[in-house]
Amino acid sequence: MNEMYRSKDQTDKTKVTCIRNRADVLYDFKVSFFTMGQLPHFPWNFLERELENDSSSEIILDVLKQTCLHPLCCKHPPSVRYRRLFLSQLIKRHEASGREPLDELYDALGEVLGVEEGTECYKSYLLPCGEAVSLSESTAVISEGTTGLVTWEAALYLAEWALENTHLFTDRAILELGSGVGLTGIAVCRSCSPSSYVFSDCHLSVLHRLRDNVQLNGLDNQNSPRVCVEHLDWEEVTEKQLREIGAATVIAADVVYDPDIIGCLVKLLSKILRCSANGSPPDVYISSTIRNPDTYNSFKHQLEGSGIQHEVMTGPVTRVFFYNRQATIEMIKLHV
């Protein structure tokens with residue numbers, strides 16, 4: 001181990017801080033790797049400093065154990081190409097340190113060299129409780145005519161916000177619009193103890209992937225929370241159907257992206273807000289990445305034109321997941 005972590009000259013406080021920092025960095029590698037985060041954003045500088053100060057390759061082995069050699073990687077691996085690129089970066093830094101080749105590194109690389117890339121991969125998102133939400137996602141941003149086969153930033157933010165506000169979901173019936181591959185809903189079911197949860201989408205390929213991911217994460221209609229996946233066509237759904245679902249809370253992420261569907265979405269939200277659960281309208285929360293301000297402003301204007309008010313939800317949200325935080329994301333609560 002690096003002398004920095006065992007020097008007798010250091011105070012106990014300094015040693016604990018250093019050890020915690022090393023553990024934190026290894027955790028960052030793990031979180032970033034399993035969500036297939038952008039490689040330039042990994043804590044490579046820390047790794048290079050460790051290699052300069054430590055004559056062994058222990059830090060490389062520790063990183064490997066938290067990534068390519070972790071049991072989660074055997075069960076739900078990131079894409080072949082991603083693992084290959086990650087290992088190439090790790091080898092590059094190890095070789096630059098002038099050390100002898102490390103068998104474990106080249107064995108791991110050998111497992112992905114020459115392997116054909118598939119159209120699907122797994123991303124795993126670590127929850128504060130230590131469990132992982134593992135999702136089968138498309139390796140392409142647009143696949144089978146939809147963008148719903150990957151997880152977007154607004155869904156990650158909504159999940160973080162839910163984890164910060166568990167009391168708004170506990171023992172409540174939840175409906176999610178446009179669930180996509182299921183990250184937000186699975187995180188809520190795992191950590192917020194809703195009484196029931198309805199995942200919904202309208203694209204058949206998305207629904208197929210969504211059902212697989214819900215099952216992959218051990219959720220079903222037989223245990224608490226009761227979970228189901230529904231085909232929900234925004235244009236055709238009736239108030240009667242919405243009342244049968246009986247949601248006390250309705251959430252959605254990244255549903256405001258296409259000007260052509262905003263009118264349909266607003267009409268649906270109007271129906272939802274007229275449906276009473278236990279005598280009061282449901283709480284409705286929408287998380288949006290604002291890519292086009294004109295589109296987002298049009299959504300807000302149409303809400304107002306339908307008599308729907310909105311409140312921007314502010315306040316700190318603990319960072320749980322690894323994603324691009326440069327994106328402008330806004331969370332609003334709707335009411336009539």
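Residues numbered from 1 in each chain as written. Predicted model: local features only at pLDDT ≥ 70, side-chain atom pairs only at ≥ 80, totals over all residues. Heavy atoms only, no water.

Peer 1: Would you take a moment to explain the pattern of salt bridges for this structure?
Peer 2: Applying the stated rule across the entire model yields 13 salt bridges. Put simply, Glu 160 and Arg 325 hold a salt bridge, and the shortest N to O gap is 2.6 Å. With Glu 160 in helix α7 (residues 153-164) and Arg 325 in the loop between β8 (309-312) and β9 (329-335), this pair connects stretches of sequence that are 165 residues apart. Given the relative accessible area of 1%, Glu 160 is considered buried. Asp 283 serves as the salt-bridge partner of Arg 172, at 3.1 Å between the closest nitrogen and oxygen. Of this pair, Arg 172 sits in the loop between α7 and β3 (173-177) while Asp 283 sits in strand β7 (residues 283-289), and the two are 111 residues apart along the sequence. (Salt bridge = Lys/Arg side-chain N within 4 Å of Asp/Glu carboxyl O. Helix = DSSP H or I, 4+ residues; strand = E, 2+ residues; numbered from the N terminus. Buried < 20%, exposed > 50% of the residue type's maximum accessible area, 1.4 Å probe, protein only.)

Peer 1: Mind showing me how you'd approach helix α2 (residues 44-53) here?
Peer 2: A turn of α-helix holds 3.6 residues, and therefore any two residues three or four places apart point the same way. When we look at burial in α2, the residues that qualify are Trp 44, Phe 46, Leu 47, Glu 50 and Leu 51. Buried residues along α2 cover an arc of 160° about the axis, so they all sit on one side. Projecting away from the buried face of α2 at angles above 90 degrees are the exposed residues Asn 45 and Glu 52. (Arc of directions from axis to C-beta.)

Peer 1: Would you take a moment to explain the sheet that holds strand β6 (residues 249-253) for this structure?
Peer 2: Either a parallel or an antiparallel arrangement is found when strands of a sheet pair, and the pairing is made through backbone hydrogen bonds. The strand order β5-β4-β3-β6-β7-β9-β8 describes an open sheet built from seven strands, whose pairing is mixed. The sheet terminates laterally at β5 (226-231) and β8, the two strands that pair on one side only. Recorded for the sheet is a direction-independent mean angle of 20° between the axes of neighbouring strands. Across four bridges, β8 lies against β9 in antiparallel orientation. Residue pairing in the sheet places Val 312 in a bridge with Ile 332 of β9. Packing against the sheet, α7 makes contact with β6, β7 and β9, and its axis sits at approximately 140° to β7. (Pairing = 2+ DSSP bridges. Axes fitted to C-alpha atoms, helices over the stretch in contact; angles between N-to-C directions. Contact = heavy atoms within 4.5 Å.)

Peer 1: What's the story with the environment of Gly 263 in this structure? I'm lost.
Peer 2: Mapped onto the secondary structure, Gly 263 falls in helix α11 (residues 262-274). Taking the relative accessible area as the measure of exposure, Gly 263 reaches 24% and is therefore partly exposed.

Peer 1: Could you clarify how one ought to interpret the confidence of the model for the protein in this entry?
Peer 2: In regions of low pLDDT, the predicted coordinates are not meant to be interpreted in detail. On average, the protein scores 88 in pLDDT, and the residues at 70 or more come to 90%. Contacts of residues 1-19 to residues separated by more than four positions or lying in other chains number 20 contacts, the stretch itself having pLDDT below 50. Predicted confidence for residues 142-149 stays below pLDDT 50, and this span has 22 contacts to residues more than four positions away or in other chains. (pLDDT = per-residue confidence, 0-100.)

Peer 1: Any chance you could explain the packing of helix α5 (residues 80-96) against helix α6 (residues 103-112) here in plain terms?
Peer 2: For any two helices packed against each other, one specifies the crossing angle of their axes together with the interaxial distance. At a closest axis distance of 9 Å, the pairing of α5 and α6 adopts a crossing angle of 155°. With respect to their mutual orientation, α5 and α6 come out roughly antiparallel. Seen along the crossing, α5 lies across α6 with a hand that is left-handed. Contacts between α5 and α6 involve Val 80, Arg 83, Arg 84, Leu 87, Leu 90, Ile 91, His 94 and Glu 95 on the former and, on the latter, Leu 105, Tyr 106, Ala 108, Leu 109 and Val 112. Here the contact of α5 with α6 is composed, by residue class, of nine nonpolar, one polar and three charged. (Parallel < 35°, antiparallel > 145°, perpendicular 65-115°, else oblique. Left-handed = near helix turned anticlockwise from the far one by under 90°. Nonpolar A, V, L, I, M, F, W, Y, C, P; charged D, E, K, R; others polar.)

Peer 1: What am I meant to see in unusual backbone geometry here?
Peer 2: Following Ser 224, the chain continues into Pro 225 via a peptide bond in cis, with omega recorded as -5°. With respect to the helices and strands, the residue Pro 225 is situated in the loop between α9 (204-216) and β5. Backbone geometry places Ser 193, a non-glycine residue, at a positive phi of 55°. With respect to the helices, strands and loops of the structure, Ser 193 is situated in the loop between α8 (183-191) and β4 (196-201).

Peer 1: Honestly, the nonpolar core in this entry has me stumped. Any pointers?
Peer 2: What tends to happen in soluble globular proteins is that the nonpolar side chains get buried as a cluster. Grouped together as the largest cluster of nonpolar side chains are 39 residues, with contacts concentrated most on Trp 161, Phe 169, Tyr 197, Phe 199 and Phe 321. The element that contributes the greatest number of residues to this core is α7, accounting for nine residues. Phe 33, Leu 64, Cys 73 and Val 80 belong to the second-largest nonpolar core, a separate cluster that totals 31 residues. (Core = buried A, V, L, I, M, F, W, Y, C linked by side-chain atoms within 4.5 Å.)

Peer 1: Is there a simple way to think about the pairing of β9 in this case?
Peer 2: Across a regular strand the side chains alternate sides, sitting on one face of the sheet and then on the other. Where β7 meets β9, six bridges bridge the pair, whose relative direction is antiparallel. Within the sheet, the bridge partner assigned to Thr 289 lies in β9 and is Ile 329.

Peer 1: Is there a simple way to think about the pairing of β7 in this case?
Peer 2: Burial analysis of β7 places six of its seven residues in the buried class, which makes it a mostly covered element. For β6 and β7, the ladder comprises five bridges, and the chain directions are parallel. By the bridge assignment for β7, Ala 253 is matched with Ser 287.

Peer 1: Please explain the packing of aromatic side chains as it appears in this structure.
Peer 2: Each aromatic ring pair is described using two quantities: the centre-to-centre distance and the angle formed by the ring planes. On inspection of all chains with the given rule, the structure shows 14 aromatic pairs. Ring centres of Trp 161 and Tyr 285 lie 4.9 Å apart, and the angle between their planes is 50°; on these two criteria the pair is classed as tilted. Of this pair, Trp 161 sits in helix α7 while Tyr 285 sits in strand β7, and the two are 124 residues apart along the sequence. We note that Trp 161, like Tyr 285, is buried. Ring centres 4.6 Å apart and planes at 50° place the aromatic pair Tyr 197 and Phe 199 in the tilted group. Of the two residues, Tyr 197 and Phe 199, neither departs from the other in class, the shared state being buried. Three or more aromatic residues joined by ring pairs make a cluster, and in this case those are Phe 29, Phe 33, Phe 34, Phe 42, Trp 44, Tyr 82, Phe 86 and Phe 322. (Phe/Tyr/Trp six-rings, centres within 6.5 Å; stacked < 30°, edge-to-face > 60°.)

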